[in-house]
Amino acid sequence: MIKNNFLSVLTAWLPLALVSTLLLIGVYIAVQQDLRLSANDPQIAIAEDSALQLEAGATPSSIVGLVSIDIAQSISTFVMVFDEGGKISASSGILHGMPLRLPMGVLAASLEKENRITWQPEVGVREALVVRHYGGAHPGFVAVGRSLRETEERIDVVGLNLGIIWLAELVLSFFLLLCINFFRK
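Cut-offs applied
- Residues numbered from 1 in each chain as written.
- Predicted model: local features only at pLDDT ≥ 70, side-chain atom pairs only at ≥ 80, totals over all residues.
- Heavy atoms only, no water.
- Pairing = 2+ DSSP bridges.
- Helix = DSSP H or I, 4+ residues; strand = E, 2+ residues; numbered from the N terminus.
- Phe/Tyr/Trp six-rings, centres within 6.5 Å; stacked < 30°, edge-to-face > 60°.
- Buried < 20%, exposed > 50% of the residue type's maximum accessible area, 1.4 Å probe, protein only.
- Contact = heavy atoms within 4.5 Å.
- Core = buried A, V, L, I, M, F, W, Y, C linked by side-chain atoms within 4.5 Å.
- Patch = residues over 30% accessible without salt bridge, like charges linked within 9 Å, V, L, I, M, F, W, Y side chains within 5 Å.
- Areas by Shrake-Rupley, 256 points an atom, 1.4 Å probe, with all protein chains shown as cover.
- Salt bridge = Lys/Arg side-chain N within 4 Å of Asp/Glu carboxyl O.

As summarised here, the arrangement of the three strands in space is β1-β4-β5, forming an open sheet in which the pairing is mixed. Each edge of the open sheet carries a strand with a single partner, namely β1 (69-70) and β5 (98-99). In this structure, β1 lies alongside strand β4 (residues 93-95), joined through two bridges in parallel fashion. Paired with D70 across the bridge in β4 is I94.

Structure (structure tokens):
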């Protein structure tokens, strides 16, 4: 009798558990993508403005500024300017004291449209990078990046919270079905 009751509750509960699991996976994916995509927003604005200024004749060093940012240590936004051949003209971003380099393919992909990527120059250093081609008298590329550390920490918190909610939903829904089944008899 108890075994039959338990099996009938389990049979009723499994579809609820599946739906709950799928819904929370969907919520996680939507929130994760929103957080990751919005991590590009400052870089998009800076890249667009920098490209316009470079097309109007501004020098790469005036766009980049004077501050060097070690991207392994800082979450600040950095700017890199490359000539048409991919040679670095100026950069505020460094990695362990060395200038940053981007593969030519990353730059070339921005010839058609703005290139937005996650860039990992070494383990533990992940950057949201926006690369834009600019024209004018001295065409080239401007790349603007920012650490994903804070964004990824927020994504981890969302995952943990949704995991706790998921477990609570599973336990609570099973317990409620068990109680309903018990009081029906």
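A full pass over the atoms with the stated rule returns two aromatic pairs. Summarising the aromatic geometry, the rings of F6 and F174 are spaced 5.7 Å apart at their centres and angled 70° between planes, so their arrangement reads as edge-to-face. Residue F6 is found in helix α1 (residues 2-38), and its partner F174 is found in helix α5 (residues 149-184); the two are separated by 168 residues along the sequence. Residue F6 is classed as partly exposed on the basis of its relative accessible area, which comes to 40%.

So, on to the environment of W119. With respect to the secondary-structure elements, W119 resides in strand β6 (residues 115-122). A residue is classified by how much of its surface remains accessible, and W119, at 10% relative accessible area, is buried. Residues W119 and L7, 112 residues apart in the sequence, show an inter-C-alpha distance of 50 Å. For W119, the residues in contact, after removing those within four places along its chain, are I71, F78, L100, R101, L102, V125, R126, E127 and L129.

Residue position: L18 is located in helix α1. Of the residues examined, L18 reaches a relative accessible area of 52% and is grouped as exposed. Taking the C-alpha atoms as reference points, L18 and L170, 152 residues apart in sequence, are found 9.5 Å from one another.

Take the nonpolar core next. Grouped together as the largest cluster of nonpolar side chains are 16 residues, with contacts concentrated most on F78, M80, L102, L129 and V131. Mapped by element, the contributors of at least two residues to this core are β2 (78-83), α4 (104-108), β7 (125-134) and β8 (140-147). Ranked by size, the runner-up nonpolar core spans 13 residues in total, among them A51, L54, Y134 and V142.

With that out of the way, let us pick up the side chain of N40. Along the chain, the position of N40 falls in the loop between α1 and α2 (41-55). Residue contacts for N40: discarding those within four places in its chain leaves R116, A128 and V130.

Right, let's talk about a nonpolar patch on the surface for a bit. Taken together, the side chains of L18, L22, I25, Y28 and I29 make up a nonpolar region of the molecular surface, amounting to roughly 460 Å² of accessible area. Checked against the element boundaries, I29 lands in helix α1.

Inspection of the secondary structure puts P139 in the loop between β7 and β8. Discounting residues that sit within four places of it in the chain, P139 has contacts with D83, E84, H133 and Y134.

All quantities given are derived from atomic positions and should not be read as evidence of function.
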